[in-house]
Amino acid sequence: MMVQLTIENARKRIANSQSKMAMLLGMSTTSYRKYENYQLSFRYDKALQFSALTGVPFGSINFLGKSTNSSYNNQSVQVA
């Protein structure tokens, strides 16, 4: 199972502040903070740019803010 970093943890790996990351992405700190808190979702091009800036592979960052592993109980899964 692959563990994905949050946007915040990916940023912190390169020790950038929210304001510095916002500047590098061409947005306000307020806007960036909303992405980091998952109030907004990155467009694909900005997500790719963020990945490149942090050096964290795109697939290793959780851009959606929810668990990427679905949880099922045995009763909810039926074999076809």
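In the block above lies the structure referred to throughout.
Small disclaimer: the values here were computed from a predicted structure and weren't measured.

(A) Here's a closer look at the nonpolar core. Judged by nonpolar contacts, the single largest core of 14 residues is most densely connected at Tyr32, Phe42 and Phe50. Those elements giving two or more residues to this core turn out to be helix H1 (7-12), helix H2 (18-25), helix H3 (29-36) and helix H4 (44-54). Ranked by residue count, the leading element in this core is H2, at three residues. Among all residues touching Tyr32, those that are not within four sequence positions of it are Ile7, Arg11, Gln18, Met21, Ala22, Leu25, Met27, Phe42 and Phe50.

(B) Representation of the packing of aromatic side chains in the model. Under the defined criterion, the tally for this structure stands at six aromatic pairs. Between Tyr44 and Phe58, the ring centres sit 5.6 Å apart and the planes meet at 70°, which makes this aromatic pair edge-to-face. Of this pair, Tyr44 sits in helix H4 while Phe58 sits in the segment after H4; the two residues are 14 residues apart in sequence, bridging distant segments of the chain. Clustering of aromatic rings is evident, with ring pairs tying together Tyr35, Phe42, Tyr44, Phe50, Phe58 and Phe63.

(C) Looking closely at unusual backbone geometry. Phi at Ala15 takes a positive value of approximately 60°, unusual for a residue other than glycine. Looking at the secondary structure, you find Ala15 in the loop between H1 and H2. In this structure Ala15 comes out as exposed when scored by relative accessible area, which is 67%. In the Ramachandran plot, Tyr38 falls in the positive-phi region, its phi being about 60° despite a non-glycine side chain. Among the structural elements, Tyr38 can be located in the loop between H3 and H4.

Calculation notes
- Residues numbered from 1 in each chain as written.
- Predicted model: local features only at pLDDT ≥ 70, side-chain atom pairs only at ≥ 80, totals over all residues.
- Heavy atoms only, no water.
- Core = buried A, V, L, I, M, F, W, Y, C linked by side-chain atoms within 4.5 Å.
- Buried < 20%, exposed > 50% of the residue type's maximum accessible area, 1.4 Å probe, protein only.
- Helix = DSSP H or I, 4+ residues; strand = E, 2+ residues; numbered from the N terminus.
- Contact = heavy atoms within 4.5 Å.
- Phe/Tyr/Trp six-rings, centres within 6.5 Å; stacked < 30°, edge-to-face > 60°.

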